[in-house]
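Observations on the model geometry
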Amino acid sequence: MSIQAKMIVDKDFVIGNIDERIYGSFIEHLGRAVYGGIYEPGHPEADEQGFRKDVLSLIQALRVPIIRYPGGNFVSGYDWKDGIGPKDQRPSRLELAWRTVEPNQFGLNEFVDWSRIAGTDVMWAINLGTQGIDEARNIVEYANHSSGSYWSDLRIKHGYEKPHAIKTWCLGNEMDGPWQIGHKTAEEYGRLAVESAKVMKWVDPTIELVACGSSGKGMATYPEWEATVMDHTYDHVEYLSLHTYYGNHENDTPTFLARSIEMEDFIRSVTATCDYIKAKKRSKKTMMLSFDEWNVWFHSNEADRKMDPWQIAPPQLEDIYTMEDALVVGCMLIALLKNADRVKMACLAQLVNVIAPIMTENGGPAWAQTIYYPYMHTSIYGRGKALVPLVQSPKYDTKVITDIPYLESIAVYNEEQNEVTIFAVNRDLENSLPLEVDLRSFGECKVIEHLVLENNDLKAVNSLAQPNRITPHTNGNAKADGSKVNASLSKASWNVIRLSLQ
């Protein structure tokens, strides 16, 4: 007897409107993300500002709506003033978070220039490790105030007459982590964050702020950290952050493919904690979430331990991603969409070279890793409303996680385009999975295309030598009959079924 998965999608069963910033990313001054990544003066593809056009082209194809910058752990020791003004007067500094040398040839103004070419907004993280309230207000004044004050006039002197109008700001990074420069208790951080938030909004009342949640659900202080920080900051911020990374150190692929279930549990727990504080404060405001660091990260751990310190832009965190990593990233994207009512921003960490969908060679080409494709597909076709997926699927268990559905799926309704897109991962490593989707409330539909990412070798990668070894094909077999869609999802595959409504 064949095993089948079924899914019912109804246009009235809406999870939430998808904020396009859920497809954001992250660039930190770490490894070759900036130097040799987005910025490489003298490269054959560099423009007059040193921005790599081949990298920009790959990023533009992703339609990245917002990018978090400049960190990350880096930001807790960073003085933003080192990265402004004439380049020949900028200091080089020992960068303690990643034990490198930061030359400060790329900073705030360069990043704003670059982001405009890339077609993305800026999410700026401020330093609440070694800095505090004064620097928080000063950088907002420099970036966003029109003119007539010290910091705004300094920006004008640096060649930027119009304000940068940076709307979204992170109040530090992973301040719960003992590894963080200026690590704080929840009380210490909560007090500093709320006082910084106040002056930042006094300078520019139009900005929105992200407070630091836990660095991961494995932290000993989780979720008490969230409750304490929210107790202080609830009335002054718009978002609370979440971070998580998954790896497959044990080479246990069935468990690895199920990690997105843990990610969903993390989101629900943080949501519940925020709602507890909402009730405690008798607030009418609902706190939204910014999942501003998420990805697969583990391949590069051993190489990073062996790296010599105090280099400029050495290769760090350069995970080379496999086919199975792409499936996990696809499942994580689906997890974000299934929580689109509360997760309004998210950042795939990171964008270029450092645990990234895009890789480059210094002086050489750029190429897309396996994880590039599910990220691109969801960013392009996952705009609109996330719909509740009523799924019936066969399941499996591992020693770590149980009741894992072979089908991981979500549907997105784009009313403007009159399209529904089904994103689906088949977690079965041995067998294809027949799928029936019932779109009863939408009436007749037609298959536009069925994109598939698959490879018989789950450890296969894209590389400089074989940049297109794993790319999506359009030979999927989805067929529509009235309001029913049937497809056979290949074993261990990522699927995008695009449907036009008649």
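Before reading further, recall that the structure is shown in the block above.
Description of the structure in this document.

Here is what the cut-offs are and how they apply
Residues numbered from 1 in each chain as written. Predicted model: local features only at pLDDT ≥ 70, side-chain atom pairs only at ≥ 80, totals over all residues. Heavy atoms only, no water. Helix = DSSP H or I, 4+ residues; strand = E, 2+ residues; numbered from the N terminus. Expected span 1.5 Å × (residues − 1). Buried < 20%, exposed > 50% of the residue type's maximum accessible area, 1.4 Å probe, protein only. Contact = heavy atoms within 4.5 Å. Pairing = 2+ DSSP bridges. Axes fitted to C-alpha atoms, helices over the stretch in contact; angles between N-to-C directions. Patch = residues over 30% accessible without salt bridge, like charges linked within 9 Å, V, L, I, M, F, W, Y side chains within 5 Å. Areas by Shrake-Rupley, 256 points an atom, 1.4 Å probe, with all protein chains shown as cover. Salt bridge = Lys/Arg side-chain N within 4 Å of Asp/Glu carboxyl O. Phe/Tyr/Trp six-rings, centres within 6.5 Å; stacked < 30°, edge-to-face > 60°.

Re helix H3 (residues 133-144)
When the terminal C-alpha atoms of H3 are compared, their 17 Å separation across 12 residues agrees well with the 16 Å that a helix rising 1.5 Å per residue should span. Burial analysis of H3 places 9 of its 12 residues in the buried class, which makes it a mostly covered element. Summarising the contacts, the buried residues of H3 are in contact with helix H2 (108-118), strand E7 (121-126), helix H4 (150-157), strand E8 (168-171) and helix H5 (186-203).

Observations concerning the sheet that holds strand E9 (residues 208-211)
With parallel pairing, the 8 strands of this closed barrel are ordered in space as E3-E4-E7-E8-E9-E10-E11-E12. Each strand axis lies, on average, 30° off the axis of its neighbour in the sheet, ignoring direction. Summarising the sheet, E8 and E9 pair through 3 bridges and their orientation is parallel. Within E9, the residue paired with Thr-168 across the bridge is Glu-208. Sitting on the sheet, H5 touches E7, E8 and E9, and the angle it makes with E8 is about 155°.

Remarks on the sheet that holds strand E21 (residues 433-438)
Taken in spatial order, the 5 strands of this open sheet run E16-E1-E21-E24-E23, and their pairing is mixed. Each of the sheet's edge strands pairs with one partner strand only, and the pair in question is strand E16 (390-392) and strand E23 (479-481). For this sheet, the mean angle separating the axes of adjacent strands, direction not counted, is 20°. Where E23 lies against strand E24 (residues 484-489), 3 bridges are found, and the strand directions are antiparallel. Paired with Ala-480 across the bridge in E24 is Val-485.

Points about a nonpolar patch on the surface
Nonpolar side chains collect at one region of the surface, where Leu-94, Leu-96 and Trp-310 lie side by side and expose about 320 Å² of accessible area between them. When you line up the elements, Leu-94 lands in strand E5 (residues 93-95). Leu-94 sits in the exposed class, given a relative accessible area of 56%.

Description of unusual backbone geometry
Geometrically, the link from Tyr-69 to Pro-70 is a cis peptide bond, its omega value of 5° lying close to zero. Secondary-structure assignment places Pro-70 in the loop between strand E4 (66-69) and E5. With an omega of 10°, the peptide bond between Gly-71 and Gly-72 qualifies as cis. Mapped onto the fold, Gly-72 is located in the loop between E4 and E5.

Quick look at the side chain of Glu-135
Checked against the element boundaries, Glu-135 lands in helix H3. With a relative accessible area of 18%, Glu-135 lands in the buried category. Excluding its chain neighbours within four sequence positions, the residues that come into contact with Glu-135 are Asp-79, Trp-80 and Lys-81.

Notes on the environment of Gln-180
Note on placement: Gln-180 falls in the loop between E8 and H5. Given the relative accessible area of 4%, Gln-180 is considered buried. Ignoring anything within four residues of it in the chain, the contact list for Gln-180 reads Gly-72, Asn-73, Ser-76, Asn-173, Glu-174 and Met-175.

Quick notes on the pattern of salt bridges
Enumeration over the complete set of coordinates arrives at 31 salt bridges. Between Glu-318 and Arg-32 there is a salt bridge; the shortest N-O distance is 2.7 Å. With Glu-318 in the loop between helix H9 (301-305) and helix H10 (323-337) and Arg-32 in the loop between strand E3 (24-26) and helix H1 (53-62), the pair connects residues that are 286 residues apart, well separated along the chain. What makes Arg-32 buried here is its relative accessible area of 8%. Among the salt bridges present, the one from Lys-198 reaches Glu-195, with a minimum N-O distance of 3.0 Å. Residue Lys-198 and its partner Glu-195 are located together in helix H5, separated by 3 residues, close to a single helical turn.

Examining the packing of aromatic side chains
The geometry of an aromatic ring pair is captured by the separation of the ring centres together with the interplanar angle, meaning the angle of the planes. Per the counting criterion, the structure on display carries 22 aromatic pairs. Judged by centre distance (6.0 Å) and plane angle (75°), the rings of Phe-256 and Phe-298 are edge-to-face. Of this pair, Phe-256 sits in helix H7 (residues 253-256) while Phe-298 sits in the loop between strand E11 (288-296) and H9, and the two are 42 residues apart along the sequence. Of the two residues examined, Phe-256 and Phe-298, each falls in the buried class.

It is worth stressing that arrangement in space is one thing and function is another; only the former is reported here.
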